[in-house]
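Inside the fold
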Amino acid sequence: MKPAPFAWCAPATLDEALDLLAGHADAARILAGGQTLGPLLNMRLATPSILIDINGIGELAGLHPDSAGLTIGALTRQSTLEDDPKLAALQPLIAMAIPHIAHRAIRNRGTVGGSLAHADPAAEWPALATLLGAHLLARSKSRGRRLIGAEEFFITHLTTALAPDELLCEVRVPPSPPGAGYAMLEFARRHGDFALAGAMVRLTSDAGGKLTDPRLVLFGTGRRASRARRAEAMLAGVSAGTALFAAAAATAATEIDPYDDLHASAEYRRHLAAVLASRALEEALARMNGKRHD
Amino acid sequence: MTEPSASPRPIRVSVNGVDHERTVEPRLLLSDFLRHDLGLTGTHVGCEHGVCGACTVAFDDQPVRSCLMFAVQADGHRIGTIEGMADGETLHPLQMAFWELSGLQCGFCTPGFLITARDFLARNPDPSEPEVREALSGNLCRCTGYQSIVAAVLEAARRLRQAPPARFGKS
Ligand SMILES: Cc1cc2nc3c(=O)[nH]c(=O)nc-3n(C[C@H](O)[C@H](O)[C@H](O)COP(=O)(O)OP(=O)(O)OC[C@H]3O[C@@H](n4cnc5c(N)ncnc54)[C@H](O)[C@@H]3O)c2cc1C
Ligand code: FES
Ligand code: FES
């Protein structure tokens, strides 16, 4: 349970980190919060010969709200977001999700970029980025800057569109649409564990009360977090008061590809997905209508 | 430019207010540095993959898993361990409450619970019981069944609201 030997370096600037990645792309791994990579190294499931520790690169951390939305630096710790009083107004769904990510001691180190780059299908960040239509900025010496849409970024289980020499630098989240109602529900064995299944919802309506661009993302239920497009289509344009949430949730549960593992069977995950999706749709509606303020 | 190297390198770390200089291999875990190099064996090691919380220490006043950090990453930083929690012979109110209300049996998990709870009460001085349970959900105890731990944290919170110790929050 001790890491195999590795060479370590801690660049102080982004430029230096990109140079190091360019020179050692095949042998090196980025070390951000270490809350995923640490266990892999300790168990020797990962044995990179070089670690590029980005924790000293201040320019990669921080929140920058502007008219184009919210830009979050890859090195921003989950607890920094948790403690930021602006977040709940800027991006309610992110504020709802952060307390479900592991535990405080892990959120004190774990970073937004590390979570996105790791692409665990049960993790909250890939689901957030997918639902909110975020773009991820990757940089490298060979390709320069690449802005990648969330749905192109997450390819499958633990696999992203990042090239070996690319560093994920920031995530850009478009502004929250006026009057949106959000919900996020997940079921985990213990608080802070990875979800067995989870659902995130955003509802908005037009002046006539018809749902516009409803979004439903399920996570922990397949190879990656994904939008339930058929369920969304059932709800789009429907008057919010009469929307058939249970039917849409049942459809969503047919759009996923859940897996069996030690913690739950695929069938149980599918059942959870339908229940959570239906409840999350109801909750988001109550918030959109101003009937829920938590 | 910083070239990657596996060679041991010098670090300087402040632990419980005392500076230590050592030369360490990059792969040395912070938990092993504290226990083996500094002899501070109050920080316990249960799982070495972030799940049990026994190795929790304060890193620049924030609780972290010392099994998921390397000693080289602590260079120039402040660490607080369980050895620094009491004020000389005077136990911290959390330690007193754990003692009086049997918040420990074998004691293996206790340092991690105390470091976690100290930070939690600094951020939330008047928590509800469910909030305490959630805050402690990342620390595993195989002995107590948690009831007495939760009771001790609630009791310590009550006492701290009445008389916060001068050193509270310091690590
Ligand atoms: C006990 C426990 C419970 C957890 N529970 C949850 C949970 O409920 N939900 C959840 O979402 N997560 C959970 N996590 C994971 C945690 O959130 C991790 O911190 C996160 O997934 C990875 O972030 P990190 O900064 O620690 O990345 P690291 O561990 O440092 O890196 C993870 C991977 O991403 C790569 N990487 C990191 N940063 C970059 C970058 N900027 N550019 C390119 N590649 C990069 C690394 O090379 C590595 O492959 C848990 C972890 C633990 C130990
Ligand atoms: S030993 Fe570090 S969390 Fe278990
Ligand atoms: S007292 Fe024995 S593990 Fe908690």
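Predicted model only: the values in this text are computed from it and were never measured. (Residues numbered from 1 in each chain as written. Chains lettered and ligands numbered in written order. Predicted model: local features only at pLDDT ≥ 70, side-chain atom pairs only at ≥ 80, totals over all residues. Heavy atoms only, no water.)

Looking at the overall build of chain A
Counting its secondary structure elements, chain A contains 12 helices and 14 strands. Taken over the C-alpha trace, chain A has a radius of gyration of 19 Å; the compact-globule value for 294 residues is 19 Å, and the two agree within 12%. Each principal axis of the C-alpha distribution contributes one length, and for chain A these read about 60 × 45 × 30 Å. Looking at chain A as a whole, 57% of its 294 residues are labelled buried. (Helix = DSSP H or I, 4+ residues; strand = E, 2+ residues; numbered from the N terminus. Rg over C-alpha atoms; globule rule 2.2 N^0.38 Å. Buried < 20%, exposed > 50% of the residue type's maximum accessible area, 1.4 Å probe, protein only.)

Topic: the interface of chain A and chain B
Contacts between the two partners involve 36 residues from chain A, matched on the other side by 32 residues from chain B. Looking only at chain A, the three residues that lose the most surface to chain B are A:F6, A:W8 and A:R109, adding up to 21% of its buried area. The interface formed by chain A and chain B includes 2 salt bridges. When the shortest N-O distance is used, the salt bridge between A:K2 and B:E48 registers 2.4 Å. Where chain A touches chain B, the interface holds 13 residue pairs in polar contact (both at pLDDT 80 or more). Secondary-structure elements contributing two or more residues to the side of chain A that touches chain B are strand 1 (7-9), helix 1 (14-24), helix 2 (37-42), strand 3 (50-53) and helix 6 (104-107) of chain A. The class makeup of the residues in the side of chain A that touches chain B is 19 nonpolar, 10 polar and 7 charged. (Contact = heavy atoms within 4.5 Å. Buried area = accessible area lost by both parts, 1.4 Å probe. Salt bridge = Lys/Arg side-chain N within 4 Å of Asp/Glu carboxyl O. Polar contact = N/O pair within 3.5 Å; in protein donor to acceptor, adjacent residues only side chain to side chain. Nonpolar A, V, L, I, M, F, W, Y, C, P; charged D, E, K, R; others polar.)

Here we look at the layout of surface pockets
As a volume, the second largest pocket reaches approximately 350 Å³. Around the second largest pocket, the lining is made up of 21 residues, and of these A:N55, A:R77, A:R109, B:F59 and B:H77 lie nearest the centre. Among the residues making up the lining of the second largest pocket, the classes are represented as 7 nonpolar, 7 polar and 7 charged. (1 Å grid on protein atoms, 1.4 Å probe; cavity = no way out; pocket = protein on both sides within 12 Å on 5 of 7 lines; lining within 4 Å. Points joined across faces, edges and corners; volume = space filled by probe spheres on them.)

Here we look at the domain arrangement of chain B
Residue and element names in this part refer to chain B. Structurally, chain B comprises domain 1 (9-84) and domain 2 (93-162). Centre-to-centre, using C-alpha coordinates, domain 1 lies 22 Å away from domain 2. Contact residues are listed per partner, giving 18 residues for domain 1 and 13 residues for domain 2. Where domain 1 abuts domain 2, roughly 1,100 Å² becomes buried across the two surfaces, and 61% of that area is made up of carbon and sulfur atoms. Applying the counting rule to domain 1 against domain 2 returns 0 salt bridges. Remark: the boundary between domain 1 and domain 2 carries 4 residue pairs in polar contact (both at pLDDT 80 or more). (Domains from an automatic or database assignment.)

Considering helix 3 (residues 110-123) of chain B
With 14 residues, helix 3 of chain B extends 20 Å from end C-alpha to end C-alpha; this agrees with the ideal 20 Å at 1.5 Å per step. Taken as a whole, helix 3 of chain B has its buried residues at B:T110, B:P111, B:G112, B:F113, B:L114, B:I115, B:T116, B:A117, B:R118, B:D119, B:F120 and B:L121. (Expected span 1.5 Å × (residues − 1).)

Here's the deal with the packing of aromatic side chains
In total, this model carries 3 aromatic pairs over all chains according to the counting rule given. The interplanar angle of 85° and the centroid separation of 5.0 Å between the aromatic rings of A:F153 and A:F154 together place this pair among those described as edge-to-face. Take A:F153 and A:F154: they sit in the same class, and that class is buried. Taking the centre distance of 6.4 Å and the plane angle of 55° together, the rings of B:F113 and B:Y146 count as tilted. Of this pair, B:F113 sits in helix 3 while B:Y146 sits in the loop between helix 4 (129-135) and helix 5 (147-162), and the two are 33 residues apart along the sequence. On the basis of relative accessibility, which here comes to 1%, the residue B:F113 falls in the buried class. Residue placement shows A:R109 over the ring face of B:F59; its charged tip is 5.2 Å from the ring centre. (Phe/Tyr/Trp six-rings, centres within 6.5 Å; stacked < 30°, edge-to-face > 60°. Lys NZ or Arg CZ within 6 Å of the ring centre and 35° of its normal.)

Remarks on empty space enclosed by the protein
Residues and elements named next belong to chain A. The final tally for this structure, using the stated rule, is 1 cavity of 30 Å³ or more. Estimated volume of the largest cavity: approximately 40 Å³. Here the residues of the lining of the largest cavity sort into 5 nonpolar, 1 polar and 3 charged. The two domains that each donate at least three residues to the lining of the largest cavity are domain 2 (58-173) and domain 3 (181-288).

Comments concerning the packing of helix 2 (residues 93-100) of chain B against helix 5 of chain B
Residue and element names in this part refer to chain B. For the pair helix 2 and helix 5, interaxial distance at closest approach is 8 Å and the crossing angle is 140°. Judged by the angle between their axes, helix 2 and helix 5 are oblique. You can see that helix 2 and helix 5 cross each other, and the crossing is right-handed. Here helix 2 contributes P93, L94, M96, A97, F98 and E100 to the contact with helix 5, which in turn contributes I149, A152, V153, E155, A156, R159 and L160. Looking at side-chain class alone, the contact of helix 2 with helix 5 contains 10 nonpolar, no polar and 3 charged residues. (Axes fitted to C-alpha atoms, helices over the stretch in contact; angles between N-to-C directions. Parallel < 35°, antiparallel > 145°, perpendicular 65-115°, else oblique. Left-handed = near helix turned anticlockwise from the far one by under 90°.)

Regarding the domain arrangement of chain A
Considered domain by domain, chain A is made up of domain 1 (7-53), domain 2 (58-173) and domain 3 (181-288). Centre-to-centre separation of domain 1 of chain A and domain 3 of chain A, based on C-alpha positions: 36 Å.

With respect to the sheet that holds strand 12 (residues 197-205) of chain A
Residues and elements named next belong to chain A. Sheet architecture is open: 4 strands sit in the order 11-12-13-14, paired in antiparallel fashion. The outermost strands of the open sheet, each flanked by one partner alone, are strand 11 (181-187) and strand 14 (226-227). Looking at chain direction, strand 12 and strand 13 (residues 211-219) are connected through 7 bridges and run antiparallel. What sits directly across from S205, in strand 13, is L211. (Pairing = 2+ DSSP bridges.)

So, the side chain of B:D32
In this structure, B:D32 sits in helix 1 (residues 30-37). The exposure class of B:D32 is buried, given its relative accessible area of 6%. A distance of 2.6 Å separates a polar atom in the side chain of B:D32 from a polar atom in the side chain of A:K2. When residues no more than four places from it in sequence are discounted, the contact partners of B:D32 are A:K2, B:D37 and B:E48.

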